[in-house]
Structure formats: structure tokens, C-alpha cells
Amino acid sequence: MQIAIASGKGGVGKSTITASLLYLLKDEYSFVAVDADAEAPNLGLLLGVTKWDEEREHLGAKVARINTESCIRCGICYERCPYGCIYIDDEGNYVVNELTCEGCNVCGLVCPVGGTISLEEVRSGVIQKATTKYGFPLISAQLDVGKPESGKLVTDEKEWAKKLMEEKGLEHMIVDSAAGIGCQVIASLGGADVAILIAEPTPASLSDVQRAYKVVQHFREPAYLIINKADINPDFNGLEKWAEREGIPILGRIPYDRAIPESMSMLKPVVEAFPDSKASRAIEGIAETIKEELLG
Amino acid sequence: MQIAVSGGKGGTGKSTVATNLAVALRKLGVKLTLADLDVEAPNDHILLGVELANEEPVNQFMPRFDYSKCTKCRKCAEVCEEHAIITMRDGTPFLMPTLCSGCRACEIVCPVPGAILEAFRTIGHTYVTPTPYGFTLVTGRLREGEERSMPLVVEARKRAEKVREGLLMVDTAAGTGNTVSKAIEGSKLLIAVTEPTPLGIHDTELILELGRLMGIPTWVVVNRADLGDIEKVRALAEKYGAQIVAEIPYSENIVKSYVEGKPIALTDYPEAEIFKGLADRVAEFIGGDE
């Protein structure tokens, strides 16, 4: 079974809760964990990973380069770049900003001087595998700063995870996805059997999780909701109302608890660092429900 | 002038800082426009308590094949870097719309005039919303199910340029991919909002690196400054020649004012002073140049 954990909004506790759930499920189930937030991967840190067993560079991202020697400075590339990624430098040269280029090659196609603009393959990031101290493997990725293709990085991660499942006979894949609803999140949710959404009771989080749920609906996956920091905003019941209207079961509520940031600074899942804290007890209840309802 | 608020990790308080800084700057008399370029999860309007207004669709080009003219030469499929065009065994092209980036490469290489026609689809919207705080908010919002946020960032930026008054302040998405650099591009100052947790510190390094690569002077605002080891943020800031310009403690007042839809910068809470201080520094940085 493939479970994807998403939230829309960043910072609502997705990785923290995922790390704790992994910790609580590790003894009874076999799985591979995937950190699909390639732009800001944090699950490895929370699981105390200090070294990677294996790293694979992700090549295949492309960026355009302009040869200033043969460039006749006609400016057609500048006009036609769909994303405004070509600029004119102080010397009047046309230059591609590699930190924003999407690699579509339109500039190369419209350039009248053959060979002046080339599309070059560059590294967009790295995918890594670790064996966590808890025994289960983790696949993570790190997009290079300013590079495109974070979604493709996630797709590659999941392919590696699938191979690992076959090789080692693992039952499940648990994917911690990025914030937002774009390519990384779509790659995370695609192919999942079930989505677990995490939100906090604020209007911004409600708005973002509703958008993430629309993506989940695209894939016709059943969704569940976890409410984190459940008590920070007692007058707000927007999440409950929305979940009821959409028929999304609520797996549980986790109260705001300073044990969570403290466990993060210890680089441990909160259920390991402070098992008696109120947050940990709530997460344990959620893990039990996940075992019964989802994992069987 | 343009300045940017970003931060690497999600949920560090970018939007809180951007909206409150905008409010505080306006109170100082600085004319400005705020652009929410976190197109996957735009929230500035929620924090400012306004409904998005003046919606305009972002229509992206996609090819429509006139099969009566198509010679099945496959050039369109070969040139498509996104593999959005697939061809049947006989060369008949088909488009997979969600993969199409709208770059028009297929149209450029098609040798038969009129075989590729223009079609469009709406991949999101931009908004121009007046706020009761004396500045306008421009927002880009990607449609759910669409993968590419870059065109939305580009279009929202264009619209912001069109309506801007004075300083343009952009608020970016989380992460450090190329859509974040697109949002930041052209800024004279990058304000990185971070938190002193190990995760926050890890992601802060990435955004400081992006600032360095783009050659933009960077300031650091440490949010939830009491929930972690601020010394590590200091060391990191020093390594990148960035200065820490504000420290915001974890604050229930901020949560409370946010829930009430009232920017904390306008309240009497002590936290309001932090944003006033930050606004003073920004106002000094931009000088008379808005």
C-alpha cells in the first residue's frame, strides 16, 4: 500500500507527524519512507540520518546557454523566451539566467545563428537512500538551488522506493510530500492508495488543505484528515465543517505541545523523545486508527 | 525598487512577515504594492482579511492539431522537452494537456502553416485586491491539478508591475527551486524568514545560498526565535554575510491577531514594535527610492 501525506500549507507539522507515525509503525509493518519535499527535505534530519548509503545524481534537467562569440545580438531569444529568463548584461550580451530557465529550448529554436544557443544537460539534484537507525529505509532528495524539475526528482525517488519494495519484500510506501499543490505534490500523490491530509485550525491552512484535497480528488484517492495544533484556535471549526461536508474521516487531533519543537531540536520523533507528552499520546491514538483502518 | 520575502522552509512565517511589514511600511508613509507569488498556497489575502478581487485568468497556449494539414512528420513531438506530445505509430500527434508548458516550441518547428493552431487553457488566475491598509495586494493562484507554477509566477509578476505604486514587495513560495528564484529576481534585498530549529536552519542555508548565487543582499528575520538555537542561525548568517535584523519570539498574540484577521503590526501588543523596527530599517534601506 502507498500512503501519501500532504498538507498544502507548509509548517503545519507534516514531517513531524510523519516521523512519529513511522516510528510507531516500524515494529509491526515493513515499509520504505520517502521524503518527497525535494526543495526542503527534512525527514532525514528528524529521523537522525547522518549518512547516506547511496546517492544518485539526477541529471536530465536542461538549461539553455548562449555562446556570446557567435551571438549577433538580434534579441529574438529575449523576445520569445516564454518565462523572461534571458537578460542583457552590462556588456550588452544576451545571457540565460540559469536559476530561472525551464529548459524548453524555445530560444534555441528561434535563434537564427545555428549552434549559438545550446540546451545543456545539468544536474538538478541528488537522490539519496539511507537505512535509518530504526531499521526501515528512507529515500530522500535534494533539488539543487534554483533548479527546475523538482517533480521529476520525486518521480525518480518513488521509482527507487518501488524497486526497494520489490527487492526487500516491503509491504508499504509512506510518502511525505512537499507544501503546495504543484508538480512535487502531484508526483507524491500520483499512484498512492490513500492520502492523509494534515492541517491546523487556521483559515490559511484550511484554504491550502482544500486545494490539496482537490488534487487528491483528481486521483480519486480516499483521504483522511489529521488536525494538528488542534487547540490553538478554539473558535475555529472550519476544518471540521469542511471534513464533514466532504465526507473526510478525521483520524485524530493533536494538541499544541512544546514537546514537539523540543523533540525537533533533539532530532527525534516526539513519540520517541517524549512518549508521555500529550502530543505523543494523541499521535499514538492516530497510529492505532491507521493500523486498524488502513493497514489491517 | 523591489524587495523579496522568502525563507526556504514552509511555515516559517513568510506571509506573516510580508503582510505585517507591508502594513508597518505603509504606516511610515512608504508607498508600496505587495505581490503574493506563493502561487501554490497563496495566503496573504487571508492574513490581511480581504477577499480576492479583480480576477483575471492566466491562459496558457497549447497546440491544437489540424489533422487535415498535419503531415505526421513528428517534429513537434521530437522538440517537446516535456514529452507532452505523443505520436501514434503512423506519426499522428496527440497532446497530453497537463504536461504542456505552453512554450510554443512545437509551433515554432512545425513546417506546415496552420497545422498547429492556437488553443488555450486556464491554468490559474491573478488578482488585484485593494486592502484597507493603503496598499494593493496582487496574488497569483495556480489551479488545482496544474503542475507548473512558473507561468503563474511570471504572470502575477507582470500584473504587479502594471499596477504597482512605489515599492514592490514580493512574498515567495517555500523551497529554493527555480520558481522561487523567478519570484525573487530583480530584488534589491532579500529578507529570509527562518526559525532556529534544526530543520529551519537546514533550509535557511539553502535560501542564503540562493541569495548569494543571485547576488542579492540578504537579511534574516528569525521567527519563533526562542524555540531553538539562535546561535546556529547567527553562525550561518555570518557565513553568508547576512545580518539578522529581527527576532520574533513564539507568540500567542501573533496567532490571536492572525485569527482575528488583524495584522499584529496595528495592535498594541509588544510584537508590533518588532515590525515597526523592521519597517524602519527597510525604509532606511530603500531611502527615497520606492
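Our structure's up above, just so we're on the same page.
Note that the structure is predicted; figures quoted are calculated from it, not measured. (Residues numbered from 1 in each chain as written. Chains lettered and ligands numbered in written order. Predicted model: local features only at pLDDT ≥ 70, side-chain atom pairs only at ≥ 80, totals over all residues. Heavy atoms only, no water.)

Caption draft 1: Inspection of the sheet that holds strand E3 (residues 54–58) of chain A at higher detail. All names here are of chain A. The sheet built from 9 strands is open, its strands ordered E3-E8-E9-E2-E10-E1-E11-E12-E13 with mixed pairing. One side of each edge strand has no neighbouring strand; the edge strands of this open sheet are E3 and strand E13 (250–253). Recorded for the sheet is a direction-independent mean angle of 15° between the axes of neighbouring strands. Two elements, strand E2 (residues 31–36) and strand E10 (residues 172–177), share 6 bridges in a ladder whose sense is parallel. Across the sheet, residue Ala-33 finds its bridge partner in E10, namely Ile-174. Helix-sheet contacts for helix H5 (residues 150–168) involve strand E1 (2–6), E2, E3, strand E8 (125–131), strand E9 (137–143) and E10, and the interaxial angle to E9 is about 160°. (Pairing = 2+ DSSP bridges. Helix = DSSP H or I, 4+ residues; strand = E, 2+ residues; numbered from the N terminus. Axes fitted to C-alpha atoms, helices over the stretch in contact; angles between N-to-C directions. Contact = heavy atoms within 4.5 Å.)

Caption draft 2: The arrangement of helix H11 (residues 278–295) of chain A in detail. Residues and elements named next belong to chain A. Taking 1.5 Å per residue, 18 residues should reach 26 Å; H11 reaches 24 Å between its end C-alpha atoms and fits that length. Of all the residues in H11, the buried ones are Ala-279, Ser-280, Ala-282, Ile-283, Ile-286, Ala-287, Ile-290, Lys-291, Leu-294 and Leu-295. Within two residues after H11, Gly-296 carries a phi angle of roughly 70°, on the positive side. (Expected span 1.5 Å × (residues − 1). Buried < 20%, exposed > 50% of the residue type's maximum accessible area, 1.4 Å probe, protein only.)

Caption draft 3: Broad picture of the nonpolar core. Counting residues in each nonpolar core, the largest one holds 71 residues, and the members touching the most others are Leu197(A) and Ile184(B). Once you skip the residues sitting within four places of it in the chain, Leu197(A) turns out to touch Ala6(A), Val209(A), Ala212(A), Tyr213(A), Val216(A), Ala223(A), Tyr224(A), Leu225(A), Ile226(A) and Trp242(A). Of all hydrophobic cores here, the second largest spans 42 residues; its members include Val12(A), Val271(A), Ala287(A) and Leu294(A). (Core = buried A, V, L, I, M, F, W, Y, C linked by side-chain atoms within 4.5 Å.)

Caption draft 4: How the structure looks around the sheet that holds strand E7 (residues 136–142) of chain B. Residue and element names in this part refer to chain B. Pairing is mixed in the open sheet, where 9 strands are placed in the order E3-E6-E7-E2-E8-E1-E9-E10-E11. At either end of the open sheet lies a strand with only one pairing partner, and these are strand E3 (56–65) and strand E11 (243–247). Each adjacent strand pair in this sheet contributes to an overall mean axis angle of 20°, direction not counted. The pairing of strand E9 (residues 189–194) with strand E10 (residues 218–222) spans 5 bridges and is parallel. Within E10, the position partnered with Ala-192 by the bridge is Val-220.

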